[in-house]
Amino acid sequence: MQGRKMSSKITYAVDYKGQPVDKTRTGGWLSAASILIVEVCERFTSMGIGVNLVTYINGTLHLPSATAANIVTNFSGTAFLLCLFGGFLADTFLGRYWTICIFTLTQTLGVALFAISTAVPELQPPPCNINGSSNTCIEANGLQLGVMYTALYVMALGEGGLKSSVSGFGTDQFDDKDEKEKSQMAYFFSRFYFIISLGTLLGVTVLVYIEDYVNRTWGYGLCSIVFFVSIIIFLSRTRSYRYKKCMGSPIVQILHVLVASVWKRKLKFPSNVDTLYDDSTEATRIHHTDQLRCLDRAAIIDENDYGANGSVIRNPWKLCSVTKVEEVKMMARLMPIWASTIFFWTIHAQLLTFSVEQASTMDRYIRKFQIPAGSFNIFYIAGILVSSAFYDRVIIPLMKRWKGEHGFSNLQRIAIGIAFSIVAMIVAAIAETKRIAIAKATGGNVTILPFSCGILIPQFFIVGLGEAFMYSGQLDFFITRSPKGMKSLSTGLFLSTVALGFFVSSFLVSIINKVTGTQVGYAWLPSNINYAKLYYFYALLAILSSINLVFYLFCALWYKRTMKNTVQIENIITSSTEEEKHAMQMEGTLAASAEEDCE
């Protein structure tokens, strides 16, 4: 009996009292499922509001199309960028449980405030006065915009903090050293993405339909109620969760190396690298490499590093081990690939902004049912699902048979994703030329053009095809090519490319408005999209994406050459068993689901 009792205890996690957990009473599927419910609600709310936000800002608040697009992209970009902040708090101070609690409440408050802003007439401008050929609209005033901005960025703060921790806390509920729980974890991995994708689908269909054809207040109010129920369910399992203690943030480690290398920048580099400081065990040690040698000064021991008894005093801000320095070098080598993948998400941003506005001006009826403009993102999701299924069921088996390889490499998948984004913008430009020709023939003030919205489906679908390759390639690259102790940070880097892609979209729109102006006939992006030259904007994005593809190929070739010259790094990466790699990739997938997340 005593042996059985001891075998049920594990020390990798603690219970809510801080004691070693009993596996028979904590963790497992019930705990993971209650955490998963919170993530489903987050996807339902974030996607349901995000894909339809531009129509609210443009149609109800009467802001120009370009301004509405920038508000949406800035909001979405901020939410993804705040994942880094949320991850830092969870790793360093709060832990994943309290991070989820605090930021779920934060997002609930943000959604509730947004619902109130749509319910109070004083917080919205009056409807447009349409009289014959004239169309007079009063834009939202400072108070009305202030309330909307407050609600949006409170939601963004909650989304960023929640997204950074919810998937990781789910994996904490399983012990990967136990065969039974390991199989349960694999099942959790395979079902996690499917279930949150279901939340996304419900958001872009059911929630968008309620917003457009019932009432926005009811739609946003439903989101806040759903979130509140998910919090109750989450808190009800508090005594049954397994908790991991805060291990510190890798961002601090990077700062240690940078500060120490600057502190010792005047020291002469030793001729023998074996004299550099390293207190790591043999199992975790990474040997010195010659690249980025300016950082190696952080590992030089000088007279100020010795104590009175002759032992080394390790102040992390003045002295770092070779292994810590090499881990920072590994992260630095990822940065060119990181920079060259940002622009893809600028293309993705168009699906939430101008593409939705295009759909809102076109005939969207299927028999007697009218498809909401925001629901067109379902074709983008369909592209992801089709591309993923085709890759798993066709491409991987063929490549195994012909080349003995498990599909394309991560760098190849990223290149394919960028190529698809170029094609998507070319197709979008062609579709827009046809839509604008109909708009000119019927008059720009026509609310719904006599033109089928089906012509927009290819641009949504092709971006989805590309995102399946880009998302999996980025995730695989950043997880497998980063140090073992910085997997969370590398996932944050991946999510930051999504955020910066949205910000680049806002920047481009602002530049185009300054260059082309706002006058009808000359401006690319005037207030009324029927008078716009959006096809020029899409063509510009296709050109910039082509340039980005060349830049990416250059960075990928540099990285491959670097890896060939750095044998020790390759050995560190490939030393893990296939099971360990798969577990790391899955954990990264859960942490990043975003988008999808990404998005």
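Shown above is the structure to which this text applies.
Here's a quick rundown of the structure. (Residues numbered from 1 in each chain as written. Predicted model: local features only at pLDDT ≥ 70, side-chain atom pairs only at ≥ 80, totals over all residues. Heavy atoms only, no water.)

Moving on, we get to the pattern of salt bridges. Scanning the model with the defined rule gives 11 salt bridges in all. A salt bridge links Glu-211 to Arg-216, with the nearest nitrogen and oxygen atoms 4.0 Å apart. For Glu-211, a relative accessible area of 4% corresponds to the buried category. The residue Glu-432 makes a salt bridge to Arg-435 at a minimum N-O spacing of 2.8 Å. Remark: Arg-435 and Glu-432 occur in helix α13 (residues 410-442); sequence separation between them is 3 residues, near one turn of the helix. For Glu-432, a relative accessible area of 0% gives the class buried. (Salt bridge = Lys/Arg side-chain N within 4 Å of Asp/Glu carboxyl O. Buried < 20%, exposed > 50% of the residue type's maximum accessible area, 1.4 Å probe, protein only. Helix = DSSP H or I, 4+ residues; strand = E, 2+ residues; numbered from the N terminus.)

Attention shifts here to the state of the cysteines. Any covalent bond linking the sulfur atoms of two cysteines counts as a disulfide. Per the stated rule, a full pass over the model turns up 1 disulfide. With its sulfur 1.9 Å from that of its partner, Cys-128 forms a disulfide with Cys-137. Since a negative S-S torsion denotes a left-handed disulfide, the Cys-128-Cys-137 link at about 115 degrees is right-handed. Of the residues examined, Cys-137 reaches a relative accessible area of 36% and is grouped as partly exposed. Looking at the unpaired Cys-223, the closest cysteine sulfur is the one in Cys-41, lying at 9.1 Å. (Disulfide = S-S within 2.5 Å.)

The backbone phi angle of His-62 is positive, close to 60 degrees, even though this residue is not glycine. In this fold, His-62 is placed in the loop between α3 (53-59) and α4 (65-119). Among the residues examined, His-62 registers a relative accessible area of 9% and is labelled buried. Positive phi, normally seen in glycine, also occurs at Leu-292, with a value near 50 degrees. Checked against the element boundaries, Leu-292 lands in the loop between α8 (250-263) and α9 (322-340). Taking the relative accessible area as the measure of exposure, Leu-292 reaches 38% and is therefore partly exposed.

What is shown is where atoms sit, not what they do.
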